[in-house]
Amino acid sequence: MSSTKRMASAGENVLAKLRGRKMHLSPALMKVAEYVINEPHNVIHQTLVDLADNSGSSEASVVRFCRDAGYSSFAAFKIDLSISLLKESPPIDDSESDSVKNSLAKTVSSLNDTAALLDRELLDKAVELIGSADSVYFFGVGASATIATYGEYRMMRLGMKTRALNDMHSAIMTASCMRKNDAVVLISGSGNTQDVIHTAYKAKKQGTAIIAVTGNTRSELANIATLALHTAVPESAFSAGAFYSKTAQMFVIDLIANGILDKYPTLKDSVTRTAESIVFSQ
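Note that the structure is predicted; figures quoted are calculated from it, not measured.

Caption draft 1: Spotlight on the overall build of the protein. When helices and strands are counted, the protein shows 14 helices and five strands. When burial is assessed residue by residue, the protein has 47% of its 282 residues classed as buried. For the protein, the share of sequence-separated contacts (at least 6 apart) that also reach a separation of at least 24 residues comes to 71%. Taken as a whole, the protein presents about 14,100 Å² of accessible surface, with 54% of it coming from carbon and sulfur.

Shown next, in the form of structure tokens:
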């Protein structure tokens with residue numbers, strides 16, 4: 001077996017994956033990740049020892065970093081990193097004074113990274129689970145609650161029976177009465193929001209399909225869920241609620257809604273009726 005055999009998907013966007021997972025790494029591995037994200041063009045020409053020295057970490061940490069990313073060796077990691085650089089947009093310069101350009105660049109980057117990391121098979125499965133559900137529920141805490149409301153709106157336009165849960169008590173009580181033919185979409189950037197996790201356990205006990213929309217596919221929420229859809233922008237205490245982070249979540253909800261409409265074309269009549277009801281009420 002070649003020492004450079006890749007365990008991760010060949011040609012995947014390594015930098016997008018790192019940006020999405022960086023906040024969920026241990027401090028030692030985060031050091032390596034930050035250096036790779038900031039200096040990728042240098043890393044592809046460095047040895048393992050060079051990367052350890054330049055990132056202020058140990059050689060053992062670099063080895064663990066590569067394995068955590070899904071690679072059997074540093075050489076295999078560099079191959080996919082080199083491929084990723086061919087797909088990358090110019091880096092965002094946070095030092096620029098133009099806040100409009102910076103905000104736009106971060107938003108576009110979050111959407112591009114989410115599109116690159118999203119598992120199309122899991123997205124199709126989410127479309128099937130939600131599209132065939134008797135009732136569809138959405139729940140998120142804080143800024144993610146706004147995405148839950150958006151999800152409710154999109155499903156409502158499709159004529160589906162849906163509801164956004166706006167607090168933990170209503171979420172827990174509703175989840176305890178969910179049925180196997182229902183689906184619940186739980187939204188959490190970190191994947192570790194306790195209110196959302198408690199709701200997930202209640203829904204799982206009922207046999208309900210659980211779709212997680214999260215920036216951390218190794219989180220407790222992702223492990224509980226039937227499937228997890230990856231948004232690329234990680235959230236910290238400082239970035240939570242940022243537009244570029246919420247846009248990535250909204251993008252995933254939009255993809256689900258569009259996928260349902262493509263899979264179930266008869267729903268176009270519902271879209272027409274809901275649109276007409278709004279026009280005629282004005």
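Caption draft 2: Spatial organisation of the pairing of strand S5 (residues 227–230). Alternating positions in S5 separate into two faces, Leu227 and Leu229 on one and Ala228 and His230 on the other, with burial throughout. For strand S4 (residues 209–214) and S5, the ladder comprises four bridges, and the chain directions are parallel. What sits directly across from Ile211, in S5, is Leu227.

Caption draft 3: Here's a closer look at the sheet that holds strand S3 (residues 183–188). With parallel pairing, five strands are arranged side by side in an open sheet as S2-S1-S3-S4-S5. At either end of the open sheet lies a strand with only one pairing partner, and these are strand S2 (162–165) and S5. Along the sheet, successive strands turn relative to each other by an average axial angle of 20 degrees, direction set aside.

Caption draft 4: Expanded view of the pattern of salt bridges. Applying the stated criterion across every chain yields a total of three salt bridges. Across the salt bridge formed by Asp113 and Arg19, the nearest N and O atoms sit 2.7 Å from each other. Of this pair, Asp113 sits in helix H7 (residues 99–117) while Arg19 sits in helix H1 (residues 14–21), placing them 94 residues apart in sequence. Judged by its relative accessible area of 5%, Asp113 falls in the buried class.

Caption draft 5: Representation of the nonpolar core within the structure. Ranked by internal contacts, the top residues of the largest apolar core, which has 29 residues, are Ile130, Met155, Val185, Ile211, Leu229 and Ile260. Of all hydrophobic cores here, the second largest spans 24 residues; its members include Ala33, Leu51, Ala52 and Val62.

Caption draft 6: Representation of the side chain of Ser144 in the model. With respect to the element layout, Ser144 can be found in helix H9 (residues 144–157). For Ser144, a relative accessible area of 5% corresponds to the buried category. Once residues within four sequence positions are removed from consideration, Ser144 is found in contact with Ile187, Ser188, Lys246 and Gln249.

Caption draft 7: Layout of the pairing of S3. Among the six residues of S3, six are classified as buried, and the element is accordingly described as predominantly covered. Of the two faces of S3, the one carrying Ala183, Val185 and Ile187 and the one carrying Val184, Leu186 and Ser188 are both buried. Of the pairings in the sheet, the one linking strand S1 (residues 136–140) to S3 comprises five bridges and is parallel in character. From the neighbouring strand, Tyr137 faces S3, where its bridge partner is Val184. Across six bridges, S3 lies against S4 in parallel orientation.

Conventions used here
Residues numbered from 1 in each chain as written. Predicted model: local features only at pLDDT ≥ 70, side-chain atom pairs only at ≥ 80, totals over all residues. Heavy atoms only, no water. Helix = DSSP H or I, 4+ residues; strand = E, 2+ residues; numbered from the N terminus. Buried < 20%, exposed > 50% of the residue type's maximum accessible area, 1.4 Å probe, protein only. Contact = heavy atoms within 4.5 Å. Areas by Shrake-Rupley, 256 points an atom, 1.4 Å probe, with all protein chains shown as cover. Pairing = 2+ DSSP bridges. Axes fitted to C-alpha atoms, helices over the stretch in contact; angles between N-to-C directions. Salt bridge = Lys/Arg side-chain N within 4 Å of Asp/Glu carboxyl O. Core = buried A, V, L, I, M, F, W, Y, C linked by side-chain atoms within 4.5 Å.

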